[in-house]
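Working through the structure, step by step
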Amino acid sequence: MHKEGERLIPINIVDEMKSSYIDYSMSVIVSRALPDVRDGLKPVHRRVLYGMYDLGVFSNKKHLKSAKIVGEVMGNFHPHGDSSIYDTMVRMAQDWSLRYPLVDGQGNFGSMDGDPPAAMRYTEARLKKISDEVLSDLDKDTVDFQNNYDDRLQEPTVLSTKIPNLLVNGTSGIAVGMATNMAPHNLSESIDAICAYIDDREISIDDLMKHILAPDFPTGGIIYGYDGVRDAFHTGRGRIVLRAKTNFEEIGNRNAIIVTEVPYQVNKAEMIARTAELVKEDKIPGIYEIRDESDRKGLRIVYELKNDAIPNVVLNLLYKYTALQTSFSVNNIALVKGRPEQLNLKDIIHHFVDHRHEVVVRRTEFELKKAKERAHILEGFMKVISTQDALDKAISIIRHSATPQEAKEGLIQEFELSEIQAQAILDLRLARLTGMELDKIRAEYEEIMALIRDLEDILSNEPRRYQIIKDELLEVKEKYGDERRTEIDFSGGEMSIEDFIPNETVVLTISHAGYIKRTPLTEYKIQSRGGVGNKAAATRDEDFLEYIVSATNHQYMLFFTEKGKCYWLRVFEIPEGSKTAKGRAIQNLINIEPDDKIKAYIRTNDLKDTEYVNQMSVVMITKNGTIKKTSLEAYSRPRSNGINAIEIRDNDQLLGARLTDGKSEIMIATKNGKCIRFSEEIVREVGRGSIGVRGITLEAGDEVIGMIAIEDVEKESVLVVSERGYGKRSAVEDYRITNRGGKGVITLNITEKTGSLIAIQNVTDEDGLMIINKSGVAIRMGMDELRIMGRNTQGVKVINLKNNDAIAAIAKVEMDRDVEDGEGNEAVENTGQTSDSTENLNSESAE
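Residues numbered from 1 in each chain as written. Predicted model: local features only at pLDDT ≥ 70, side-chain atom pairs only at ≥ 80, totals over all residues. Heavy atoms only, no water.

An unreviewed UniProt entry lists the protein under the name DNA gyrase subunit A, with Bergeyella cardium given as the organism. The UniProt entry for the protein carries the following text under Subcellular location (unreviewed entry): "Cytoplasm". Under the Sequence similarities (unreviewed entry) heading, UniProt states for the protein: "Belongs to the type II topoisomerase GyrA/ParC subunit family." (UniProt positions renumbered as here; feature names shortened; annotations may be inferred.)

Below, the structure is given as structure tokens:
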């Protein structure tokens, strides 16, 4: 029953729902869930910061109770629940939530394990130093203000930030019908990119990406693959895969996976609990125990492994099933002039620069207005107090006036002053009338006029304004810029990493027990022939460096094992270690079977280059003298579990592999000093699964020790070295060409004094040679020091061996003439290794 005089308007419920829901959704989009592209803040963040600014709790003041701040913000600007305001403030103080926190909290502000913060009556807060830049110049009419919810006060519609906050801190929000999820970035990189944009408005996104490599998350971690990053920068949408930062350690006699950084927004405690469940359910076998050893020094989660577990396999399972690998879906949606837009990297930078430009213009106009007002007053002073007569007249007018109003009018008439100037003179203190003060007024006037000219120049000179923006940004970078925390692992995707990793020459070393590392070539020193050598690596007891090869970071390494399998690694994926570091067990890098051993490695260039892989062949040799040739193309598709490279018969094993162009000559040497030479062309190419053909016929008790492929008969010579330190270079021509499968000819006269032959290499005068002893000592020498001599001789002493030491391996390296030997010829014993164990190793390697 409706009352008298009321009008009822029937409304279709569908239309009413439509219009009300659209109003609601617009309100959520515009004034709740999405950030403004200019300052990167949502209304609640802006109000918390402005509320703190209003209270004056800057970084140089003492902390204030959080409840006081929240009450102030709620009462003045944000009439919503106190918990939403407090949660916002807490998040702005967490250094694992924001890349550059804006609030400085004191007390319990929560943790990465998802622990809640203490109640606001217990905690205190103030602004961080960096927030001064976000709120700078707010009092200089740089941004528009609007009435607060009850029209009592004014609040800013956007902040006049000098920090590209949207880029550096990112944001996430769910509106109605749209959401945003923006990644944080590094401040230094972002500012470099913005400056590059200011210098060249037409700059491409790819060029901007040379400055701002990828998102940079507060919790560090590793971005795995680059495709998602590229998509996000180019289109504003992309899926970035994030991995924890891990390494392998040995704890007691067990291997352990150590996690030191987790992906962004991962709840550490939940992740550990979930992993424990998966271990119980046998989804992730191989884990013995999980411990969280994090403390105030940093994060550390230990996954101790069972004895038979292969660390790399367990790690891959952890990546697959747990939050050690998560994805961050970038969706750059922000408000541009109050409307939601999807933005790429250049758009975000463009809108920020436009905002900074507007702020600089408005700030300059404000300062100009203030300067002109002051100049106007000073002009009035100059008129009245510039001479003694004028001053006396003014004083007389004031003294003889009945009221201040009359005095003011008198001054205006006498000196032709404005209202404001006359009032300023009446307000002058007597002390300002002394001679010194008069000079000060004149000086101030000149200063103000210079300032006015300068400000007017800024307003009329656009390039200068942009230079000011750049200068202020670079100042911010100087103050707050830091190193990036998140690493980028380009190998996870198809990204051409060549742009990011310098293609330096490195030395790869692999020890007898299978430890591998890469070391910059510059760490090794050159020594003369016959020197004793300096310490190469702190190997474990009874271990020595067996393989050593120089490579560049962009190359691939193919590993061939004695059971005939092939595995891959990019050189830069091999962990770096100093010259004396032990390195990492290869088992942790590639999924090699526990009882298999790597016997050969091949450096190749880019395996994605089809022309290259079809031109090249891999030639393999086994201990029993079988040779096999297969196109490199068959090995050009890396698989994490390796592939079969050659079928190995019983009692045989793969010994070596060489990359050839199909036209070289093959030479095979044996332990007893025999060597055969034949053309590679007479070995036909076979598939990956075949056995191969006879390469050399062995006498009883003899075995193959190595094979070389000669490409330039004129330039190259053959170097053979025996285990007791004798070596010799002879011309390739000294060995006549025969058919494959022959017995070969003598290459080094083997005696008790020389010991068995252990290595054969093709060398030129330009080459350097690295000789590694079983005691771990390495010596580097130039090949030009060793002259070429006849084939059937005993050779010369290449290295002086102490006691029962023997040569473990030799390798060719590019000589770097800049590297001088600075360490002298000191003898360095390998730690913990006795001559007994050397003897054992000798007999072991001779088996």
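1. Details of the domain arrangement of the protein
Considered domain by domain, the protein is made up of domain 1 (23-187), domain 2 (245-323), domain 3 (353-480) and domain 4 (496-525 + 541-604). Summarising the inter-unit geometry, the C-alpha centres of domain 1 and domain 3 are found 37 Å apart. Listed per partner, the contact involves 20 residues of domain 1 and 12 residues of domain 3. Taken over both partners, the interface formed by domain 1 and domain 3 buries close to 1,500 Å², and the fraction arising from carbon and sulfur atoms is 57%. Across the contact surface, domain 1 and domain 3 share 5 salt bridges. Linking domain 1 with domain 3 are 12 residue pairs in polar contact (both at pLDDT 80 or more). Taken together, the residues of the side of domain 1 that touches domain 3 sort by class into 8 nonpolar, 3 polar and 9 charged. (Domains from an automatic or database assignment. Contact = heavy atoms within 4.5 Å. Buried area = accessible area lost by both parts, 1.4 Å probe. Salt bridge = Lys/Arg side-chain N within 4 Å of Asp/Glu carboxyl O. Polar contact = N/O pair within 3.5 Å; in protein donor to acceptor, adjacent residues only side chain to side chain. Nonpolar A, V, L, I, M, F, W, Y, C, P; charged D, E, K, R; others polar.)

2. A look at empty space enclosed by the protein
For the structure shown, the criterion picks out 8 cavities of 30 Å³ or more. Every residue lining the largest cavity is listed: Leu166, Leu167, Met182, Ala183, His185, Pro215, Ala232, Phe233, Val330, Asn332, Leu345 and Ile348. Roughly 50 Å³ of internal volume is contained in the second largest cavity. Every residue lining the second largest cavity is listed: Arg91, Asn169, Gly170, Thr171, Ser172, Asn181, Met182, Pro184, Tyr264, Gln265 and Phe328. At the level of secondary structure, the elements contributing two or more residues to the lining of the second largest cavity comprise β6 (171-174) and β7 (179-182). Looking at the lining of the second largest cavity, its residues break down into 4 nonpolar, 6 polar and 1 charged. (1 Å grid on protein atoms, 1.4 Å probe; cavity = no way out; pocket = protein on both sides within 12 Å on 5 of 7 lines; lining within 4 Å. Points joined across faces, edges and corners; volume = space filled by probe spheres on them. Helix = DSSP H or I, 4+ residues; strand = E, 2+ residues; numbered from the N terminus.)

3. Overview of helix α7 (residues 187-199)
Taking 1.5 Å as the rise per residue, α7 with 13 residues should run 18 Å; its terminal C-alpha atoms sit 18 Å apart, in good agreement. Buried residues dominate α7, accounting for 11 of its 13 residues. Taken together, the buried positions of α7 are Leu187, Ser188, Glu189, Ser190, Ile191, Ala193, Ile194, Cys195, Ala196, Tyr197 and Ile198. Buried residues belonging to α7 abut α6 (165-169), α8 (205-208), α12 (345-385) and α17 (462-480). (Expected span 1.5 Å × (residues − 1). Buried < 20%, exposed > 50% of the residue type's maximum accessible area, 1.4 Å probe, protein only.)

4. With respect to the sheet that holds strand β33 (residues 704-710)
Two strands in a sheet stick together by hydrogen bonds in their backbones, pointing the same way (parallel) or opposite ways (antiparallel). Spatial strand order, β33-β30-β31-β36: 4 strands in an open sheet with antiparallel pairing. Of all strands in the sheet, those with a lone pairing partner are β33 and β36 (745-746), marking the two edges. Note that strand β30 (residues 665-670) and strand β31 (residues 674-679) share 5 bridges and pair antiparallel. Looking at β31, one finds that Ile668 is bridged to Ile676. (Pairing = 2+ DSSP bridges.)

5. Considerations on unusual backbone geometry
In this structure, Gln265 takes a positive phi of about 65° despite not being glycine. In this structure, Gln265 sits in the loop between β11 (254-261) and α10 (268-280). Although it is not a glycine, Lys337 sits at a positive phi angle of roughly 50°. Counting through the fold element by element, Lys337 comes out in the loop between β15 (333-336) and β16 (339-342).

6. Examining the sheet that holds β11
What the 4 strands build is an open sheet, ordered β10-β11-β13-β12; its pairing is antiparallel. This sheet does not close on itself; its edge strands, each paired only once, are β10 (245-251) and β12 (287-292). Strand-to-strand, the axes of this sheet are offset by a mean angle of 20°, without reference to chain direction. Relative to strand β13 (residues 301-305), β12 runs antiparallel, the two sharing 5 bridges. Along β13, the bridge assignment pairs Ile290 with Tyr303. α10 rests against β12 and β13 of the sheet, and its axis sits at about 165° to β12. (Axes fitted to C-alpha atoms, helices over the stretch in contact; angles between N-to-C directions.)

7. Brief notes about helix α1 (residues 13-33)
Every buried residue belonging to α1 is among Ser25, Val28, Ile29 and Ala33, and all of these are buried. On its buried side, α1 packs onto β6, β7, β15 and β16.

8. Let's talk about the pattern of salt bridges
Evaluated as defined, the whole model comprises 51 salt bridges. Close ionic contact of Arg362 with Asp141 constitutes a salt bridge, the shortest N to O distance being 3.4 Å. Placement of the pair is Arg362 in helix α12 and Asp141 in the loop between α5 (131-134) and β4 (145-147), with a sequence separation of 221 residues. One network of salt bridges, with partners in common, ties together Glu249, Arg254, Glu289, Arg291, Glu293, Arg300 and Glu304.

9. Comments concerning the packing of helix α2 (residues 43-55) against helix α3 (residues 66-76)
Look at α2 against α3: their axes get within 9 Å of each other, and the N-to-C directions meet at 110°. On the basis of their axis angle, the class for α2 and α3 is roughly perpendicular. Of α3, the residues touching α2 (which contributes Arg47, Val48, Gly51, Met52 and Leu55) are Lys68, Ile69, Glu72 and Val73. (Parallel < 35°, antiparallel > 145°, perpendicular 65-115°, else oblique.)

10. Things to note about the packing of α12 against helix α15 (residues 419-426)
Viewed as axis vectors pointing N to C, α12 and α15 meet at an angle of 65°, and their least axial separation amounts to 9 Å. With respect to the hand of their crossing, α12 and α15 are arranged in right-handed fashion. Only Ile420, Gln421, Ala424 and Ile425 of α15 make contact with α12, whose side of the interface consists of His376, Ile377, Glu379, Gly380, Phe381 and Val384. Taken together, the residues of the contact of α12 with α15 break down into 6 nonpolar, 3 polar and 1 charged. (Left-handed = near helix turned anticlockwise from the far one by under 90°.)

11. Topic: the packing of aromatic side chains
Counted under the stated rule, the structure contains 10 aromatic pairs. Here the aromatic rings of Tyr53 and Phe58 are separated by 5.8 Å at their centres, their planes lie at 85°, and the arrangement is edge-to-face. Ring centres 5.2 Å apart and planes at 50° place the aromatic pair Tyr226 and Phe490 in the tilted group. Taken as a pair, Tyr226 in the loop between β8 (222-224) and α9 (227-235) and Phe490 in the loop between β17 (487-489) and β18 (505-511) lie far apart in primary sequence, 264 residues in all. By the burial criterion, Tyr226 is buried, and Phe490 matches it. Members of the aromatic cluster, connected to one another through ring pairs, are Tyr50, Tyr53, Phe58, Phe77 and Phe145. (Phe/Tyr/Trp six-rings, centres within 6.5 Å; stacked < 30°, edge-to-face > 60°.)

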